[in-house]
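# Secondary and tertiary structure notes
Letter by letter, the chains look like this.
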Amino acid sequence: MSVRGIRAAVSVTAAAAVLAGAAACSNPDADDDSGGSGGDGATAVIGVANEPDTLSPLLGYGKDGNSKLFDGLLARTADMELRPALARALPEITDDGTTYTYKLRDGVTFSDGEPFTAADVVFTYETILDPGTNNPSKGDLEAVDSVEAEGDDTVVFRLKYPYAAFAERTVLPIAPEHAAGKGDVNTGAFNTEPIGTGPYVLDNWRKGEKLTFSANPGYWGGKPKVKKLTMAIIADDDIRATRLRSGDLDGAILPPNLAKTFAEDDDKQTVAATTFDHRAVTLPTDNPVTGDLAIRRALDVAVDRDTMVDKLLEGRGKAAYGPVPTDSEWFAKGTERPYDTAKAEKILDDAGWRADDGGIREKDGRRASFTLYYPSGDKLRQEHALAFAGDAKKVGIEAKVESGTWEVIEPRMGEDAVLAGGGSPADPDFDLYPMLNSELAGQGFNNMASYDNPDVDTALVEGRESGDKAERKRAYDKVQQELTENPGYIFLTHIDHIYVVADTWRGLTTQVEPHEHGFGSGPWWNVESWQPAK
Amino acid sequence: MTGLPLAPMARMAGRRLLYAVPVLLAVTFGVFAIAAASPFDPVKAYAGTAGFSASQEALDQLRDSLGADDPFVTRWWDWLTGVVTGDLGESTSMRQPVADVIGERIGWTVLLCAVAFAVAIVAGTLLGVLAARRRGGLLDRAVTSAAYALEAAPPFWLGLLAVWLFALQLDALPAGGLTDTGTDVVSFGQVAEHVLLPASVLAVSQMPWFVLYVRQGVGDALDEDPVRGARSRGLAERTVLLGHALRSGLLPVLTLIGTRVPELITGALLIETVFSWPGIAAATVEAATSVDFPLLAALTVLATAAVLLGNLLSDLLYGLADPRVGFDG
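These lines cover the structure that appears in this document, whether it is placed above or below.

This brings us to the overall build of chain B. From N to C terminus, chain B includes 13 helices and two strands. Overall, chain B is about 85 × 55 × 35 Å in size when its C-alpha atoms are taken along their principal axes. Among the 329 residues that make up chain B, the fraction classed as buried is 47%. Intrachain contacts of chain B at a sequence separation of at least 6 include 73% that bridge at least 24 residues. A total accessible area of about 15100 Å² is found for chain B, and carbon and sulfur atoms account for 66% of it.

And the structure:
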C-alpha cells in the first residue's frame, strides 16, 4: 500500500466521522427567525446564570411562581399580594384554619388543547407528596393532609394543622394529568417537554445553552406582547456582560460592579430588586465559644453592617438584623442594632472574656476563637466572611476564615460557623421556622446553628398557626426581639439583585426576591405583561 | 490499492472485540467503585439548591428513592443486568433516560472531535514536514518551541484565552453555544461558525504531538539511505520529501492516532464546558459531580470504546502501512 493509500484511508475515516456527526444533528423543525434584539419588543433574549434541573412542577420547577409555562391556583402581584390565577378567587378558609377551598377558573385549557380541571390540581399535589416522587421541595407541602376534587371546578385542601402561610404555597404550578401522568414522573418526557396553561410554551431546550419559548396564543390571561423569549444560560458574569453589551442579549442579571459599567448607556436601564436574600454567620450552639451568650451578643454589635453594604455591595443592599429585612411589614421596629465596639467590649469584659495583652480574649483558659467556613468559589460570601473576621478581631474574638465545598462544610456545621445565605419573601414562616426551630436542629441545612430557644419555638408555632395577622405580627416581633437577646446567627446584609435591560420595554417592575432567583425573578418575572416602548 | 488483507484484519478486529468485554466490565466496575468512594452525595447533588431548604423527611425519601444507600456492587450489578436487556437506565442528574441524553448529544461531540482531530492531523503533519526539511532552521525552531509550549498548555486555558481574544476583544467569533442566542435554527452556517473556535482550540491542543512526531520521523528518514539514494538520483526535493521521507516518517504517527484518542476525549471534556457545547463531554462533568451512576457508566463505556477503537484503527493502519507488522496483535 502506498503513502497515498494511507492518507486516503485516514481522510476517508475522518470524513466519514464528520458526516456521521452532521447527519445525527440535523434539526429540521426549527423555524427561521433572525432573533436577537430586533428592537420592536416582540422578542426578548435574557441572560441568566443558572438553568433549571427540570421543567416539571412535579419535581419542583417553578414552585414559587412565575414559571412562564404553568400557572398556580394563585399568583403574586408586584407588591407580593396574592391574586387568583387558575383559581377564580382567593381560597375560602375555615375558621380553624385547616380547610382551604378553591373555586377554579372556567374555560382554561392546556397548551395542547385539553381542558384544565380539578383533577389536574389533585394529580399535581398528590404526585408531589407521593414518596416515590423525587421532589426535594415536597417539605413545603408538609401541612397537607388530603387534596380532594369536588366536581370539576372545586378543590379542597385539608391540613394536618392550622397553617396561616398555606395559601402562599399554592402558587405552585399545576401540571396536566393527561400528559404528566404518562411515563415515569422522575425521568419521563414531561421533564423536558412540558405542557402547561401558562403564557408561554417551550419551543426548545438545549441543556447548558438556552431555553426558547413562544407566546401561548390561547393564554387565558391574554396573548403576551413578547412573542418569543429566550433564556440563555451563561454562568460567567463577564461573558454575560459582554454579550449584553454586544447586543446578543436584551437583558441580564449582573453583579453590581459590572452593572455599573452600563450606567452611561442610553439604551439600557438598570433595575434593582429588593430581596429577602440575606448573608449571615451561623453560631453553632454546641461550640463552647460561639454558643456563649456574651460572645454572641458582642459579635452582634461588633460587626459594621453599614460598611459591608457600602464596600461589599457598592451600596446595593441593606444592613440585616434578622431574616426579615428592615423595609418589610413583618420587621420588628426597634430591633436594629447599631455598630458599637465599646458596647461589645463591655459585654465581653463583664462576662469574664479578657485579654491582658490586647490580643485574643480568653475565659477559663479557653481562647475566644472559632473557625468560619464559606463555600469555596463564592466571592461575595468570602468577602463577607473576611469583613466579619476583621470586625471580630477588633473586639478580641478570632474567626479563622476557611473555604471548603459543601461536602467539606456540611459535617462540620454543628461545630464550626458558616457564612450562610438564604431567604424567601412570601411569608415570615418560610425563613424563620426552619432556621430557628430547635426540633429542626442539624436536619439537612435547616437550623444550621442548632439554635435552641423555647420562647422562640413557642412564638414560631403561634405565628404559623394563627389566622389573625395582628397576632402573627406579635409572634414574629417576639422572635426578632429574642434574636437581639440571644443571636444564634449574626445577620450581616440583605443583598439587592441587579438587572440591566435594553430600553425596548417600559414600566419594568420587580417583585421582592428570594435567595434563589432563577427565571421567576428579575424584571422578567412578568415578561408576559411587558409592553414595547414604542 | 487492490488486495486489502480483509480476512486478517477482520480476525484482528474480532479478537479485539472479545478482549474489550472484560476491559469494559472492569472499567464500569471501577467507575461505580470510585463514584461510591467520592465525597459527593448523590442526594445533595440531586436536590441542588432546593436541598438547602429541603426537609429532612424529603431528603430521606430521596435517598431511598435514588437507592443512594445501596452498596455499589449491587448498583453495578443492577445496572449491568439492565444494560444486557437493552435498558441503559435513567439519568438522575438530567431527569431523562440515559439513552435520550446520549442520543441528543453524541452527534455534536463527534462533530467537534472529528473536525478537531482532522485539523490536528493535517496541520500537524504539514508543519512537521516543513520543520523537518531544514532542522535547526528558523521555521523549525519557531514551530518546535511553539509545539512544546502548547503541549504544556491545558486545553481549558487555551479555550478561555481564545474566548477572550476572538470573542471578547475582536468580536470575530461567537463565544459559545451551538447557534446564535436569538435563533433556534441549527443551520449549516450557524454550526460552522460556532464550531470553528472550539474545534480550533481542541486541534491546537492536540497538534504539538503530531508536529513533533512527524518532524522527528521525517527528519530521521531524511538521513536514511533510501532517501539519500533518492536525492542522489536527482529526484525533485518535493518527491524526496513527500514520497520517501514522509512515507517512512509517518509510521509512528499512525500509532499516535490511536494513543491520542484518550487525550482528545479529556480535551473535549474541558472544551465543551468552556464553550457551552451541548455534547456528551459536558454531560460527563455533570454526571460525575452528581454521582449519576447510570449516565456516568454509559459515558465511560463510550469513552473506553472510543479508546479501544482508536487503538484498533491505528494497529490496522500500521499493519497496512508496514506489512512486516501484520495483524497478529
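Bringing the pattern of salt bridges into the picture now. Close approach of charged atoms lets side chains of opposite charge pair. Residue and element names in this part refer to chain A. The full count for this structure, using the stated rule, is 38 salt bridges over all chains. Lysine 63 is paired through a salt bridge with aspartate 64; the nearest N and O atoms lie 3.5 Å apart. Between aspartate 248 and arginine 243 there is a salt bridge, and its shortest N-O distance comes to 2.9 Å. With a relative accessible area of 17%, arginine 243 lands in the buried category. Because the salt bridges share partners, they merge into one network encompassing Lys63, Asp64, Asp140 and Arg169.

If you want to describe how two helices pack, look at the angle between their axes and the distance between the axes. Residue and element names in this part refer to chain A. Where helix α7 (residues 293-302) contacts helix α9 (residues 341-351), the axes come no closer than 8 Å and their chain directions differ by 170°. It follows from the interaxial angle that α7 and α9 lie roughly antiparallel. Residues Ala294, Ile295, Arg297, Ala298, Val301 and Ala302 of α7 touch α9, and the partners they reach there are Thr341, Lys343, Ala344, Ile347, Leu348 and Ala351. Grouping the constituent residues of the contact of α7 with α9 by class yields nine nonpolar, one polar and two charged.

What follows concerns the sheet that holds strand β4 (residues 92-93) of chain A. Residue and element names in this part refer to chain A. Pairing in this open sheet of four strands is antiparallel, and the strands run β4-β5-β7-β6 from one edge to the other. Of all the strands in the sheet, just β4 and β6 (144-149) have a single pairing partner and so form its edges. By the bridge criterion, two bridges tie β4 to strand β5 (residues 99-103) in an arrangement that is antiparallel. Following the sheet pairing, isoleucine 93 is matched in β5 by tyrosine 100. Most of the contacts of helix α2 (residues 118-129) go to β6, to which it runs at about 155°, and overall it touches β6 and β7 (154-159).

The next thing to look at is the interface of chain A and chain B. When the parts of a complex come together, some accessible area is lost, and that lost area is often used as the size of the interface. Listed as interface residues are 65 residues of chain A and, on the opposing side, 55 residues of chain B. Taken over both partners, the interface formed by chain A and chain B buries close to 5100 Å², and the fraction arising from carbon and sulfur atoms is 60%. Here chain A is connected to chain B by two salt bridges. Between glutamate 410 of chain A and lysine 44 of chain B there is a salt bridge, with the nearest N and O atoms lying 2.8 Å from each other. In this assembly, chain A and chain B are joined by 13 residue pairs in polar contact (both at pLDDT 80 or more). Residue assignment for the side of chain A that touches chain B shows that the elements contributing at least two residues are α1 (3-24), β8 (200-206), β9 (210-215), β10 (228-233), α5 (237-245) and α11 (406-409) of chain A. The element that contributes the greatest number of residues to the side of chain A that touches chain B is α1 of chain A, accounting for 11 residues. Here the residues of the side of chain A that touches chain B are counted per class, giving 20 nonpolar, 27 polar and 18 charged.

Following the sequence through the fold, arginine 215 of chain B ends up in helix α8 (residues 188-222). Among residues more than four places away in sequence, those in contact with arginine 215 of chain B are Gly128, Ala131, Ala132, Arg135, Asp140 and Thr144 of chain B.

This paragraph deals with helix α10 (residues 237-249) of chain B. Residues and elements named next belong to chain B. For α10, which comprises 13 residues, the first-to-last C-alpha distance of 16 Å sits more than 12% below the rise-based estimate of 18 Å (1.5 Å per residue). Among the residues of α10, those classed as buried are Val240, Leu241, Ala245, Leu246 and Gly249. Angular distribution of buried residues about the axis of α10 spans 140°; they occupy a single face of the element. Considering only its buried residues, α10 is in contact with α5 (98-133), α8, α9 (225-232) and α11 (251-274).

Here the focus is the packing of aromatic side chains. All names here are of chain A. By the definition in use, this model includes 24 aromatic pairs over all chains. Between tyrosine 125 and phenylalanine 157 the ring centres are 4.8 Å apart and the planes differ by 80°, which places this aromatic pair in the edge-to-face class. A residue pair is termed long-range when its members are at least 10 positions apart, and tyrosine 125 in helix α2 and phenylalanine 157 in strand β7 qualify at 32 residues. Residue class for tyrosine 125 comes out buried when judged on its relative accessible area of 0%. Three or more aromatic residues link up through ring pairs in this structure, and these residues are Tyr100, Tyr102, Tyr125, Phe157 and Phe166. Sitting over the face of the ring of phenylalanine 430, arginine 169 holds its NZ or CZ atom 3.5 Å from the ring centroid. A cation over an aromatic ring shows up here: arginine 464 above the ring of tyrosine 433, its NZ or CZ 3.5 Å from the ring centre.

Positioned with a positive phi, asparagine 447 of chain A is a non-glycine residue whose angle comes to about 40°. At serine 276 of chain B, a position not held by glycine, the phi torsion is positive, near 50°. Note that serine 276 of chain B resides in the loop between α11 and α12 (280-289).

Looking at where lysine 333 of chain A falls in the secondary structure, it is placed in the loop between β14 (317-319) and α9. Along the backbone, lysine 333 of chain A and glutamine 480 of chain A are 147 residues apart, and their C-alpha atoms lie at a distance of 9.4 Å.

Residues and elements named next belong to chain A. An order of β8-β9-β10-β1-β11-β21-β12 is seen for the seven strands of this open sheet, with the pairing classed as mixed. Both edges of this open sheet fall to β8 and β12 (268-273), since each of them pairs with a single strand only. Neighbour-to-neighbour, the strand axes of this sheet turn through a mean angle of 20°, independent of strand direction.

For the rest of this paragraph, the subject is a positive patch on the surface. Residue and element names in this part refer to chain A. A cluster of basic residues, Lys223, Lys225, Lys227 and Arg506, forms a positive patch at the surface. Note on placement: lysine 223 falls in the loop between β9 and β10. Residue classification places lysine 223 among the partly exposed positions, given a relative accessible area of 44%.

Residue and element names in this part refer to chain B. Structurally, the position occupied by phenylalanine 293 is in helix α13 (residues 293-321). What makes phenylalanine 293 buried here is its relative accessible area of 5%. When neighbours within four sequence positions are excluded, phenylalanine 293 is seen to be in contact with Phe32, Ala35, Ala36 and Arg75.

Our focus in this paragraph is the pairing of β10 of chain A. Residues and elements named next belong to chain A. Counting buried residues in β10 gives six out of six residues, a clear majority hidden from the surface. Here β10 shows two buried faces, one formed by Lys228, Thr230 and Ala232 and the other by Leu229, Met231 and Ile233. Note that strand β1 (residues 43-48) and β10 share six bridges and pair parallel. Note that in β10 the partner of valine 45 across the bridge is threonine 230. Across five bridges, the pairing between β9 and β10 is antiparallel. Opposite phenylalanine 213, over in β10, you have leucine 229 as the bridge partner.

What counts as what
Numbering of residues starts from 1 in each chain and follows the order in which that chain's sequence is written. Chains and ligands are labelled sequentially in the order written, the chains with letters from A and the ligands with numbers from 1. This being a predicted model, a pLDDT of at least 70 is required before a residue's local features are given, and a value of 80 or more before pairs of side-chain atoms are given or counted; all residues contribute to the totals for chains, interfaces and linings. Note that water and hydrogens are dropped before the side-chain values are worked out from all heavy atoms of the structure. In this text, helices come from DSSP runs of H or I with a minimum length of four residues, and strands from runs of E with a minimum of two, each type numbered from the N-terminal end. With a 1.4 Å probe rolled over the protein chains alone, any residue whose accessible area is under 20% of its type maximum counts as buried; one over 50% counts as exposed, and the rest are partly exposed. For this analysis, residues touch if any pair of their heavy atoms sits within 4.5 Å. All accessible-area figures derive from a Shrake-Rupley calculation using a 1.4 Å probe, and residue coverage is judged against the displayed protein chains alone. Salt bridges are identified by distance alone: a Lys or Arg side-chain nitrogen within 4 Å of an Asp or Glu carboxyl oxygen. Every angle, taken between N-to-C directions, lies between 0 and 180 degrees, and every axis is a line fitted to C-alpha atoms, over only the stretch in contact when it is a helix. For classification, angles of less than 35 degrees are called roughly parallel, those exceeding 145 degrees roughly antiparallel, those between 65 and 115 degrees roughly perpendicular, and all remaining angles oblique. Under the grouping applied here, Gly and all other residues not named as nonpolar or charged are polar, the nonpolar ones being Ala, Val, Leu, Ile, Met, Phe, Trp, Tyr, Cys and Pro and the charged ones Asp, Glu, Lys and Arg. Strands are treated as partners if at least two bridges between them are detected by DSSP. Accessible-area loss on putting two parts together, using a 1.4 Å probe and summing over both, is the definition of buried area adopted here. Any pair of nitrogen or oxygen atoms within 3.5 Å is treated as a polar contact; in protein, a donor-acceptor pairing is required on top of that, and neighbouring residues in sequence qualify only through side-chain atoms on both sides. Take the number of residues in a helix, subtract one, and multiply by 1.5 Å to get its expected span. Within this analysis, the arc is defined by the directions that extend from the helix axis to the C-beta atoms. Centres within 6.5 Å make a pair out of two Phe, Tyr or Trp rings, where for Trp the six-membered ring is used; the pair is then stacked when the planes are under 30 degrees apart, edge-to-face when over 60, and tilted otherwise. Placement of a positive charge over a ring is assigned whenever Lys NZ or Arg CZ falls within 6 Å of the ring centre and within 35 degrees of the normal to the ring plane. Surface patches are drawn from residues lacking salt bridges whose relative accessible area is over 30%; two like charges belong together within 9 Å, two nonpolar side chains (Val, Leu, Ile, Met, Phe, Trp, Tyr) within 5 Å. His is not counted, nor are the chain ends, whereas Lys and Arg count as positive and Asp and Glu as negative. Charge coordinates come from a single atom per side chain, which is NZ of Lys, CZ of Arg, CG of Asp or CD of Glu.

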